[in-house]
Amino acid sequence: MKFKSLLIVISFLSINISLFARPILPDSVGVKNDDGKKVILFKVKPKDTYSSIGRRYDVSPKTIMKYNDTKKETLTIGAIVKVPTSQPFKKSETKKEKSARLKLEAEEASAAKKHKHKNTDEYTPDPAPEKPVAVVTQPPVARAVQQPAPEVNITPTQYKVSAGETLYSISKRFNTTVDDITKQNNLTSTTVIPDQILSVRAGYHEPPTAPAPIVAHNDTQAIVAKRDSTLMTTSIRDSAAERRFEKNRFGLYEKTEKGVATWIDDSSLDPNKKLVLHRTALIGTVIKITNPMTNRTTFAKVVGRFTDNEQTKDVIIVMTKNVADSLGALDKRFHVNISYGSPNE
């Protein structure tokens, strides 16, 4: 009888020990030790709240939120919530609890590492290696001999400056450039005075720049073309109208007009000189005049304005008989093309 009673007591104690060794943790995935106290690791399911979790483990919701360092009352399904308890932590834990604890600790360490890596100022991503765009093989080319620029030999003409003339108007009269007149006369400025004698080379233009010599390659070279981030835009002006209105360094624009011209006999105009009247051109301006019927060109100086009357109606320029004869005019009124420098467009 005593033996049977002893067996019953031993069995009862074994059941109690097993129950206390492996406590039932509803909805938990493990436990962890926090300074000797047990912390339950709870996995959130749908409709779980801090209040429902607190009721399960007899812990206030505020204590759970404070322990998890959060003020957000909503929970994410599948997230792990740490529930602190006052129960002592027992070192003995099941394999499942140990595996869950180690997995959670690894996830927390990985998240902390990513957060630190993201916020550090010293972190800079490695730049992607630059890839060549294309490889072109250049064959050998023959050596080109650079030809010397042809020498320009034009006999200069001595010209006496009239009142109101400028270097620009003089260059247009002789079909040359202001730079060449300045160079020929060693001028230090572009200002000229009446009765000044200038040496002018009529019809002179700067010779074209010789092209760069081509360097011969004895061996085949591999040229690697790399992508350039700079975007270059080239504006090409082919229109003569755009070039006509391009401002030069003296502040003048070249204006051109087409229309009817007429010549008059007036006592105020010397018929033996090349003088003209214009509506807007400044007095003293030298105008280039071309007769498209005879293809003759001459230059004349503006000495005044003219008003409309029966003789000058619908004309763009009035000239002396000398100018009309130079252009080969056969009638009193004839078509002309004119061009001149103006400070306004």
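Presented here is a report on the structure given in the accompanying data block.

Cut-off values and rules
Residues numbered from 1 in each chain as written. Predicted model: local features only at pLDDT ≥ 70, side-chain atom pairs only at ≥ 80, totals over all residues. Heavy atoms only, no water. Helix = DSSP H or I, 4+ residues; strand = E, 2+ residues; numbered from the N terminus. Buried < 20%, exposed > 50% of the residue type's maximum accessible area, 1.4 Å probe, protein only. Contact = heavy atoms within 4.5 Å. Areas by Shrake-Rupley, 256 points an atom, 1.4 Å probe, with all protein chains shown as cover. Polar contact = N/O pair within 3.5 Å; in protein donor to acceptor, adjacent residues only side chain to side chain. Pairing = 2+ DSSP bridges. 1 Å grid on protein atoms, 1.4 Å probe; cavity = no way out; pocket = protein on both sides within 12 Å on 5 of 7 lines; lining within 4 Å. Points joined across faces, edges and corners; volume = space filled by probe spheres on them. Nonpolar A, V, L, I, M, F, W, Y, C, P; charged D, E, K, R; others polar.

### Comments concerning the overall build of the chain
Here's step 1: Each helix and strand counted, the chain has 8 helices and 13 strands in total.
Here's step 2: Within the chain, buried positions represent 29% of all 345 residues.
Here's step 3: A fraction of 70% describes how many contacts in the chain between residues 6 or more apart in sequence connect residues 24 or more apart.
Here's step 4: Accessible area of the chain: about 25,000 Å², with a carbon and sulfur share of 54%.

### Some thoughts on the side chain of Thr 290
Here's step 1: Secondary-structure assignment places Thr 290 in strand β10 (residues 286-291).
Here's step 2: A polar contact of 3.0 Å, which involves the side chain of Thr 290, links it to the side chain of Thr 297.
Here's step 3: Setting aside its immediate chain neighbours within four residues, Thr 290 contacts Arg 296, Thr 297, Leu 327, His 335, Val 336 and Asn 337.

### Re the pairing of strand β2 (residues 37-43)
Here's step 1: The element β2 is extensively covered by neighbouring structure, given that 5 of its 7 residues are classed as buried.
Here's step 2: Sheet topology places β2 next to strand β3 (residues 80-88); 6 bridges connect them, and they run antiparallel. Following the sheet pairing, Leu 41 is matched in β3 by Lys 82.

### Quick look at empty space enclosed by the protein
Here's step 1: This model, assessed by the stated rule, comprises 2 cavities of 30 Å³ or more.
Here's step 2: In this structure, the second largest cavity occupies an estimated 40 Å³ of space.
Here's step 3: Surrounding the second largest cavity, Tyr 168, Lys 172, Val 286, Lys 288, Ser 339, Tyr 340 and Gly 341 form its lining.
Here's step 4: Of all the elements in the fold, those that place two or more residues in the lining of the second largest cavity are α5 (167-173), β10 and β13 (333-342).
Here's step 5: For the lining of the second largest cavity, the leading source of residues is β13, giving 3 residues.
Here's step 6: By residue class, the composition of the lining of the second largest cavity is 3 nonpolar, 2 polar and 2 charged.

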